[in-house]
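Here are the chains, one letter per residue:
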Amino acid sequence: MTGNRLENKVAVVTGGGSGIGRETCLLFAEEGATVVVVDRYESDAQNTVDLIAKQGGPQAISAIADVSSEKDIAALAKEVKNKFNKVDILVNNAGVRVFGPVTEADEETWQFIFDVNLRAVGYCCKHFIPIMSESGGGSIVNVSSANGVVGRPGMGLYDATKAGVLALTRSMACDHAGEQLRVNAILPGPTLTDYHIKRAEAAGKELDLGLTKSHPEGPGILKRQGTPRELAYGILFLASDEASYVTGACLNVDGGLSALAQRN
Ligand code: ADP
């Protein structure tokens, strides 16, 4: 444990089994939180819990749930309430990507990505907000994407879900401020997660994230990808009491990618 910003807090992180979600779980544990690592893959969630144990963190548990199933989320919320009797922080991070233009997208694909990336955020909020409110409020951080505000070829469906997350964030911030519940979003830019590293390896290519082709302006003003840790720090800020006056905010952590794209 390196800090105490989240001491005595219970945090639920969806998609905690890899990438930005895993790093967020590790950082939260370093800051003293008890972490519920939620993922659809048991071994990934358990690996995160094991990593937290290795770094000598406080209590962490894994929980298997498909965030796009309201039944799973209702059961998860019940389980967490029974175990800890409160939730202070919810990070809606689980997500999937699909590629291709709208002209090639079938009904199943639309359904799949909207269920996981957008409806699931609503389900998690619906079932965790009552628990958070009962214990005096808390902080919800929704992981959107720079793609929620910047267009990218072949990413229309994904981008639409991430823009939806921003809209949901602002409206929920209005709805729940009275319960001492803050709702914010983070917009990651290109981030060097295992997912991208493995994709590049599989393609036998150097890691590029397709940036030169799809973002002619390159990877932002800082001209590099972000690290999962840099993203986790943004999420930590919004989750912590240091952001006690911040709600309805959409924080870009993208190396200046969106600033460049919006220059006109
Ligand atoms: P990023 O690179 O943005 O961090 P990842 O693909 O590495 O994204 O991580 C997304 C996480 O969300 C993964 O651990 C994945 O298993 C999880 N996830 C995806 N879909 C679901 C779902 N339906 N229910 C629960 N977790 C999910």
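Residues numbered from 1 in each chain as written. Predicted model: local features only at pLDDT ≥ 70, side-chain atom pairs only at ≥ 80, totals over all residues. Heavy atoms only, no water.

What to know about the pattern of salt bridges
Tallied over the entire structure, the rule returns ten salt bridges. Residues Arg224 and Glu230 are paired through a salt bridge, measuring 2.8 Å at the closest nitrogen-oxygen approach. We classify Arg224 as partly exposed; its relative accessible area is 39%. A relative accessible area of 31% places Glu230 in the partly exposed class. (Salt bridge = Lys/Arg side-chain N within 4 Å of Asp/Glu carboxyl O. Buried < 20%, exposed > 50% of the residue type's maximum accessible area, 1.4 Å probe, protein only.)

Some points on the site of the ligand
Not every one of the 17 residues close to the ligand is listed here, only the nearest: Ser18, Ile20, Asp39, Asp66 and Thr193. One nitrogen or oxygen atom from the main chain of Ile20 is found 2.9 Å from an oxygen atom belonging to the ligand. Here an oxygen atom of the ligand sits 2.9 Å away from a polar atom, N or O, in the side chain of Thr193. Within the complex, 89% of the 580 Å² of free accessible area of the ligand lies under protein. (Near = heavy atom within 4 Å. Polar contact = N/O pair within 3.5 Å; in protein donor to acceptor, adjacent residues only side chain to side chain. Areas by Shrake-Rupley, 256 points an atom, 1.4 Å probe, with all protein chains shown as cover.)

Here's the deal with the sheet that holds strand E2 (residues 34-39)
Neighbouring strands of a sheet are bound in pairs by backbone hydrogen bonds; such pairs are parallel or else antiparallel. On the basis of which strands lie adjacent, the open sheet formed by seven strands has the order E3-E2-E1-E4-E5-E6-E7 and parallel pairing. Each having just a single partner strand, strand E3 (60-64) and strand E7 (250-253) make up the two edges of the open sheet. On average, each strand axis in the sheet is tilted by 20° relative to the strand beside it, whichever way the strands run. The strands that helix H1 (residues 19-30) touches are strand E1 (10-14), E2, strand E4 (89-92) and strand E6 (181-188); relative to E1, the one it contacts most, it runs at about 170°. In this fold helix H8 (residues 228-239) packs onto E4, strand E5 (138-143), E6 and E7, with an angle of close to 165° to the strand it touches most, E6. (Pairing = 2+ DSSP bridges. Helix = DSSP H or I, 4+ residues; strand = E, 2+ residues; numbered from the N terminus. Axes fitted to C-alpha atoms, helices over the stretch in contact; angles between N-to-C directions. Contact = heavy atoms within 4.5 Å.)

So yeah, pure geometry; function would need other evidence.
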